[in-house]
Amino acid sequence: MSDTMTKTEGPILETRSLMKRFSIGTRFSAEGRRTVHAVDNVSLTVRRGETLGLVGESGCGKSTLARCLVRLYDITDGTLLFEGEDITGKSLRELRPMRRRLQMVFQDPSASLNPRRRVGDLVAEPLRIHTRLSSSEIDKRVAELFDIVGLLPDHVTRYPHEFSGGQRQRVGIARAIALNPDLVVLDEPVSALDVSVQAQIVNLLADLQEKLNLTYIFIAHDLSVVRQVSTRIAVMYLGSVVEEGPAEEVFSAPAHPYSQALISAVPVVETTPGGSRRRILLTGDVPSPLNPPSGCRFHPRCPIAQDRCRTERPQAQSFGDGRKVACHFPTI
Amino acid sequence: MMLSVRDLRVSFRTEDGLVRAIDGVSFDLEEGEILGVVGESGSGKTVSLLAVMGLITDPNATIEGSIRYKGRELVGLPARELRHLRGNEIAMIFQDPMTALTPVYTIGWQIAEQIRAHQNISKAKALARVEELLAEVNFPNPREAMSRYPHQLSGGMRQRAVIAMALSCNPALLVADEPTTALDVTVQAGILDLVRKLRSTHNSAVVFITHDMGVVSELADRVMVMYAGRVVERGSRAALFSGPRHPYTRALLGSIPPLTGEKPHRLPAIPGSPPSLLRLPQGCAFGPRCPVRFEACEAEKPALGSGPHAAACLREAQA
């Protein structure tokens, strides 16, 4: 019994100094073999039932991190714990029972659904692989799933191209929740959808979370959507988490200069004229992860960088409101 | 009036039937004005501007109506004259800068070539102008950037290069089709600043197409909201955002999660999805998704009222 107790109380997912490096080039290419530090020393804790929002510019490593978390990528270094169990180095075979509890929804539903198979089949596939249900039981479960995600029963015999983007994403979600997972990683689940449809999917995800007691890791570049769904936020820059904390606190008073710039850059609808917000303009682009800057990775673009930032890499410090900030001069 | 579009209709013959991509769009644009065109995919915002640019070459397309640029009718103008107008007078930037840049030449070469296609100047002078332009769009090191190939630049830099190209002949009208959609917000902010600067330094008029209400509210002087090939609402930015009149505009604004303040428990979502242009309802195209529809909405397509702030809605006309 004590075993199940720790299972429900401990974090559902935890990373300790997680690293993912990619080697590119060969020894014959002009620059030789080089290493990209896509995910660099990430330590995160995901609690049961919460939604952790991962934000950052393109190329910051948020998708790579997501794929590491569900072990779609092999982890180079560090530790990944799922319900307290170390799954960093597990083989694909050993991972299999874990897979049904760790699912993923991808950005582009038209790319992640096989165009030559009926959507009913696509949703049934995880059930066929992971369960011993009979085909009539599978049909029943598929019908149930279609109902949960808001698709009509007669949609099962259609092909992905017959659906709109929003409906296709519903199919992707039905597939991900088919096995009653505990944790779902959502990689830009609404970015490819029309604005008027995004809210439907955001609401659907919130309903499912409540109904099925799901934990989400939600990646999106649209910060207002992330704020809407997340309980906690992790802001990434060049492969590292620069700020982490409760969503409300991070959005209302970001402590890291990068989070401040990122949040201030979001264009918002001003209904009252003259209510313009102060914008922090960042100069330059995100540096290449092949050749990251010395010291604090953000210092070349940071408006408040000092000498110390150029040489010494800031470690994450914890603050009272549950926030962790990796900056020498946080505004908190 | 710099640009005056009247009752523009664009339809495409397809295997599945006639697609009315644009169904009676009218708008005006003054010098130095930024017009924001908002709509979802398939609302016709891109097609209407492609028609203005004379870039619809599909033999199955029919373009009707009138597009007058500085008093000159563009519909039916020979391709040669249109080509002269494009680049010199009207420039366009697209969502994906890679479609506008060729991967096999350097940035400097491409922009210089574009300048020399429209102006009779020497290569050296054109290259000097390229350097100026790249500096103007905030390239930190313009001379070095000229020798780069598109793939060596980041997305934001590529879009800046395309903007530099569009600016090369000081266009009086710039059409920007979702130029920041593929970019990060931090980079987007810089591009929006650039568009503002272009307006203030060259007094260019800008048509800015986007699906992002936030971008429009920060940039545009006037806003036009499109749905299923028609303009459903137009008005000044202040009027439209403080008092949206069309139920679609209201619903769209309502469905955007707020970045500050109270978080709604559930987002007010719009049911359904945008209609197929092949099977448009007989009445108001937004009718099936509209929270305030009544019988009359199914019978007739509501006309866009006159006046500076107008909505194409029967309910609104009643009120």
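Here the focus is the overall build of chain B. When you go through chain B residue by residue, the secondary structure sums to 12 helices and 11 strands. Referenced to the eigenvectors of the C-alpha coordinate spread, the extents of chain B come out at roughly 65 × 50 × 35 Å. Residue burial in chain B is summarised as follows: out of 319 residues, 45% are buried. Here the contacts in chain B between residues at least 6 apart in sequence split such that 64% fall between residues at least 24 apart.

Before going further, it helps to examine the overall build of chain A. Of regular secondary structure, chain A possesses 12 helices and 13 strands. Computed over its C-alpha atoms, the radius of gyration of chain A comes to 21 Å, within 12% of the 20 Å expected for a compact globule of 332 residues. The principal-axis extent of the C-alpha atoms belonging to chain A is close to 70 × 55 × 50 Å. Counting across all 332 residues of chain A, residues that qualify as buried make up 44%. Pairs at least 24 residues apart make up 63% of the contacts formed inside chain A by residues separated by at least 6 positions.

Residues and elements named next belong to chain B. The strand order across the open sheet formed by four strands is 2-1-4-5, and the pairing between neighbours is antiparallel. Looking at strand neighbours, the two that pair on one side only are strand 2 (17-29) and strand 5 (72-73), the edges of this open sheet. Examined bridge by bridge, strand 4 (residues 61-69) and strand 5 share two bridges and lie antiparallel to one another. Each bridged residue has a counterpart across the sheet, and for arginine 68 the counterpart in strand 5 is glutamate 73.

Residue and element names in this part refer to chain B. As for its placement among the helices and strands, proline 150 is situated in the loop between helix 5 (142-146) and helix 6 (155-167). Counting along the chain gives 144 residues from proline 150 to arginine 6, while the straight-line C-alpha distance between them is 39 Å. Those residues within four positions of proline 150 in sequence are excluded, and the remaining contacts are Met98, Leu101, Pro103, Ile107 and Arg158.

With that settled, the discussion passes to the interface of chain B and chain A. Counting from both sides, the interface comprises 38 residues of chain B and, opposite them, 36 residues of chain A. Breaking the side of chain B that touches chain A down by element, the ones donating at least two residues are helix 6, helix 7 (185-202), helix 8 (213-219), helix 9 (237-242) and helix 10 (247-254) of chain B. Grouping the constituent residues of the side of chain B that touches chain A by class yields 19 nonpolar, 13 polar and six charged.

Let us now look at helix 8 (residues 195-212) of chain A. End to end, helix 8 of chain A covers 26 Å across 18 residues, agreeing with the expected 26 Å (1.5 Å per residue, within 8%). Along its buried surface, helix 8 of chain A packs onto helix 7 (165-177) and helix 9 (223-229) of chain A together with helix 10 of chain B. Just beyond helix 8 of chain A, the residue with positive phi is asparagine 213 of chain A, at close to 55 degrees.

Before going further, it helps to examine the confidence of the model for chain B. When pLDDT is averaged along chain B, the result is 90; 100% of the residues meet or exceed 70. Scoring the predicted complex yields pTM 0.87 and, for the interface, ipTM 0.82.

Okay, the confidence of the model for chain A next. Averaged over every residue, the pLDDT of chain A is 89; residues scoring 70 or more account for 95%. The low-confidence segment residues 1-7 of chain A (pLDDT under 50) makes two contacts with residues lying over four places distant or belonging to another chain.

Residues and elements named next belong to chain A. One non-glycine residue, serine 17, adopts positive backbone phi at about 45 degrees. Inspection of the secondary structure assignment puts serine 17 in strand 1 (residues 13-24). The phi dihedral of arginine 71 is positive, around 60 degrees, even though this residue is not glycine. Here arginine 71 is to be found in the loop between helix 2 (62-69) and strand 5 (77-82).

Okay, the sheet that holds strand 7 (residues 173-177) of chain B next. Backbone-to-backbone hydrogen bonds pair the strands of a sheet. The strands run either parallel or antiparallel. All names here are of chain B. The seven strands lie next to each other as 6-7-8-3-9-10-11, forming an open sheet whose pairing is mixed. At either end of the open sheet lies a strand with only one pairing partner, and these are strand 6 (90-93) and strand 11 (310-311). Judged from the four bridges that link them, strand 3 (residues 34-38) and strand 9 (residues 222-227) form a sheet pairing that is parallel. Residue pairing across strands places leucine 35 opposite arginine 222, the latter belonging to strand 9.

All names here are of chain A. Across the interface, helix 5 (residues 119-130) lies against helix 7 with an axial gap of 7 Å and an inter-helix angle of 25 degrees. When the interaxial angle is binned, helix 5 and helix 7 end up roughly parallel. Read as a crossing pair, helix 5 and helix 7 show a hand that is right-handed. Judged by residue contacts, Val119, Leu122, Val123 and Pro126 of helix 5 engage Val171, Ala174 and Arg175 from helix 7.

We now examine the pairing of strand 10 (residues 230-236) of chain B. All names here are of chain B. In terms of burial, strand 10 is a largely internal element, six of the seven residues being buried. Sheet analysis places strand 9 next to strand 10, joined by six bridges and oriented antiparallel. Note that in strand 10 the partner of methionine 226 across the bridge is valine 231. Here strand 9 hands over to strand 10 after two residues, with alanine 228 in that stretch at a positive phi of 50 degrees. Relative to strand 11, strand 10 runs antiparallel, the two being bridged by two bridges. Across the sheet, residue arginine 234 finds its bridge partner in strand 11, namely alanine 310.

Residues and elements named next belong to chain B. A large share of strand 3 lies buried, amounting to five of its five residues. Taking every second residue as pointing to the same face, both faces of strand 3 are buried, with Ile34, Gly36 and Val38 on one and Leu35 and Val37 on the other. Strand direction decides the pairing type here: strand 3 and strand 8 (residues 205-210), joined by five bridges, are parallel. Looking at the pairing, valine 38 lines up with threonine 210 of strand 8.

Criteria and thresholds
Residues numbered from 1 in each chain as written. Chains lettered and ligands numbered in written order. Predicted model: local features only at pLDDT ≥ 70, side-chain atom pairs only at ≥ 80, totals over all residues. Helix = DSSP H or I, 4+ residues; strand = E, 2+ residues; numbered from the N terminus. Buried ≥ 20, exposed ≤ 12 C-beta atoms within 10 Å, placed from the backbone. Contact = placed C-beta atoms within 7 Å. Rg over C-alpha atoms; globule rule 2.2 N^0.38 Å. Pairing = 2+ DSSP bridges. Nonpolar A, V, L, I, M, F, W, Y, C, P; charged D, E, K, R; others polar. Expected span 1.5 Å × (residues − 1). pLDDT = per-residue confidence, 0-100. Axes fitted to C-alpha atoms, helices over the stretch in contact; angles between N-to-C directions. Parallel < 35°, antiparallel > 145°, perpendicular 65-115°, else oblique. Left-handed = near helix turned anticlockwise from the far one by under 90°.

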